Amino acid sequence: MAEEHKKLEVSIWRGDAQQGRFETYEVPAQDNQTILDVVSWVQQNADPTLSYRFACRVGMCGSCAMMVNGKPRWTCRTHVKKVLDGNKVAVSPLRNMPVIKDLAVDMDPFFDKWVKAEGRHHATSTRHDPMPEIRPDDPRRAIANKAIECINCAVCYSSCDTVAGNPDYLGPAALQRAWTLFNDAKDADRQSILDAVSGAGGCHNCHSQGSCTHYCPNELDPLSAILGLKRATARAFFKGGS
């Protein structure tokens, strides 16, 4: 390897969304190196004031999601060699959310939209009741199962151009959660879910571009969930529902 290529040229966003800039660091290149490794090296060896999030390092928590060369990714699972442009790479905070500092974003708006989408379980029984049997081959259970691996990393939300253009749009993660609960036999209030996702900022704002499904690291399909909500709300409307 040529001497100049033994160093990576890493541009990292510093500051917040209003006042910030990219700063460039030279980071030693390693044979097996992730973007999270690179960011951690900068914080540990070049600038201890760099702010970012991570936890598990193995693709289980989703907290290390960032923009890498303009695309949302889990940095712990993104190998440097797959995203290098020559010997350069740019890392910035997830888009569509307020930046707290550097690579750390405020997740509150993301989770607030889960609440607006009725993304919470409406119980059919109490802890004192016998646990009902839910057959794994039930068709609705099969639909609900498709999205239960969502870990709230907000990669789909960050990739969504509709969210970028319409801050009131609930976003793919919240709508996928709503679709999961709508198909959960243990959820007692399907109509509240339909009411929540059919209003302003709801599922009918989706332009079906599919970035959410394309970028999901867990290979989930939020777009199909949103299409399911569109069909369900349309059926409810024509049957006289709200």
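Analysis parameters
Residues numbered from 1 in each chain as written. Predicted model: local features only at pLDDT ≥ 70, side-chain atom pairs only at ≥ 80, totals over all residues. Heavy atoms only, no water. Helix = DSSP H or I, 4+ residues; strand = E, 2+ residues; numbered from the N terminus. Expected span 1.5 Å × (residues − 1). Contact = heavy atoms within 4.5 Å. Polar contact = N/O pair within 3.5 Å; in protein donor to acceptor, adjacent residues only side chain to side chain. Buried < 20%, exposed > 50% of the residue type's maximum accessible area, 1.4 Å probe, protein only. Pairing = 2+ DSSP bridges. Axes fitted to C-alpha atoms, helices over the stretch in contact; angles between N-to-C directions. Phe/Tyr/Trp six-rings, centres within 6.5 Å; stacked < 30°, edge-to-face > 60°. Lys NZ or Arg CZ within 6 Å of the ring centre and 35° of its normal. Parallel < 35°, antiparallel > 145°, perpendicular 65-115°, else oblique. Left-handed = near helix turned anticlockwise from the far one by under 90°.

S.K.: Before we move on, could you go through helix H10 (residues 222-238) and cite the residues and values that matter?
M.R.: Look at H10: 25 Å from first C-alpha to last across 17 residues, which is about the 24 Å you get at 1.5 Å a residue. Structurally, H10 contributes buried residues whose contacts are with helix H7 (172-182), helix H8 (190-198) and helix H9 (211-215). In the segment just after H10, Gly240 is the residue with positive phi, at about 100°.

S.K.: Can you explain the side chain of Asn87? Please cite residues and give values.
M.R.: Tracing the backbone shows Asn87 in the loop between helix H2 (80-83) and strand S5 (88-92). Of note is the side chain of Asn87, whose polar atom sits 3.2 Å from the backbone oxygen of Lys7.

S.K.: Describe helix H1 (residues 35-46), and please don't skip the residues or the numbers.
M.R.: Relative to the 16 Å expected for 12 residues at 1.5 Å per residue, H1 spans 16 Å between its end C-alpha atoms, a close match to the ideal helical length. Among the residues making up H1, those that are buried are Ile35, Leu36, Val38, Val39, Ser40 and Val42. Each element contacted by the buried residues of H1 is listed here: strand S1 (7-15), strand S2 (20-28), strand S3 (65-68), H2 and S5.

S.K.: Could you give me a rundown of the sheet that holds S5, with the residues and numbers involved?
M.R.: The strands that make up a sheet pair up through hydrogen bonds in the backbone, lying either parallel or antiparallel. Strand order in the open sheet formed by five strands is S2-S1-S5-S3-S4, and the pairing between neighbours is mixed. The open sheet has two free edges, formed respectively by S2 and strand S4 (71-74), since each of these has just one partner strand. Here the average twist between neighbouring strands, direction ignored, is 35°. The pairing of S3 with S4 spans four bridges and is antiparallel. In the sheet register, Ala65 faces S4, and the bridge partner there is Trp74. In this fold H1 packs onto S1, S2, S3 and S5, with an angle of close to 95° to the strand it touches most, S2.

S.K.: How would you explain the environment of Ala178 if you had to name every residue and give the values?
M.R.: Looking at where Ala178 falls in the secondary structure, it is placed in helix H7. Counting along the chain gives 73 residues from Ala178 to Val105, while the straight-line C-alpha distance between them is 24 Å.

S.K.: Lay out the pairing of S1 with the relevant residues and their values.
M.R.: With nine bridges connecting them, S1 and S2 associate as antiparallel partners. Pairing of Ile12 across the sheet is with Glu23, part of S2. Hairpin connection from S1 to S2: four residues lie between these consecutive antiparallel strands. Bridge count between S1 and S5: four bridges; the pairing is parallel. Directly across from Glu9, in S5, lies its bridge partner Lys88.

S.K.: Give a detailed account of the environment of Asn183, specifying residues and quantitative values.
M.R.: Position of Asn183 among the secondary structure elements: in the loop between H7 and H8. The class for Asn183 is buried, based on a relative accessible area of 5%. Each C-alpha atom of the pair Asn183 and Ala144 lies 5.4 Å from the other, and the pair is 39 residues apart in sequence. Setting aside residues up to four positions removed in sequence, Asn183 forms contacts with Arg140, Arg141, Ile143 and Ala144. Polar contacts involving the side chain of Asn183 include one to the main-chain carbonyl oxygen of Trp179, which spans 2.9 Å.

S.K.: So, the packing of aromatic side chains: which residues are in play, and what are the values?
M.R.: The relation between two aromatic rings is expressed through the spacing of the ring centres and the mutual angle of the planes. The final tally for this structure, using the stated rule, is seven aromatic pairs. Between Tyr52 and Phe54, the aromatic rings sit 5.5 Å apart at their centres with planes inclined by 15°, giving stacked as the arrangement. Look at Tyr52 and you get buried, because its relative accessible area is 15%. Ring centres of Phe110 and Tyr157 lie 5.4 Å apart, and the angle between their planes is 80°; on these two criteria the pair is classed as edge-to-face. On the criterion of sequence distance, the pair formed by Phe110 in helix H3 (residues 108-116) and Tyr157 in helix H5 (residues 155-159) is long-range, its members being 47 residues apart. The burial state of Phe110 is the same as that of Tyr157; both residues are buried. For the cation-ring pair, Arg57 lies above Phe54, with the distance from its terminal atom to the ring centre recorded as 4.8 Å. The cationic tip of Arg190 hangs over the ring face of Phe182; the distance from NZ or CZ to the ring centre is 3.9 Å.

S.K.: Pulling in residues and values, what's your account of the packing of H3 against H7?
M.R.: Two numbers describe how H3 lies on H7: the axes approach to 8 Å, and their chain directions differ by 30°. With respect to H7, the element H3 is oriented roughly parallel. Considering how the two elements wind past one another, H3 and H7 form a crossing that is right-handed. For the pair H3 and H7, the contacting residues are Phe110, Lys113 and Trp114 in the first and Ala173, Ala174 and Arg177 in the second.

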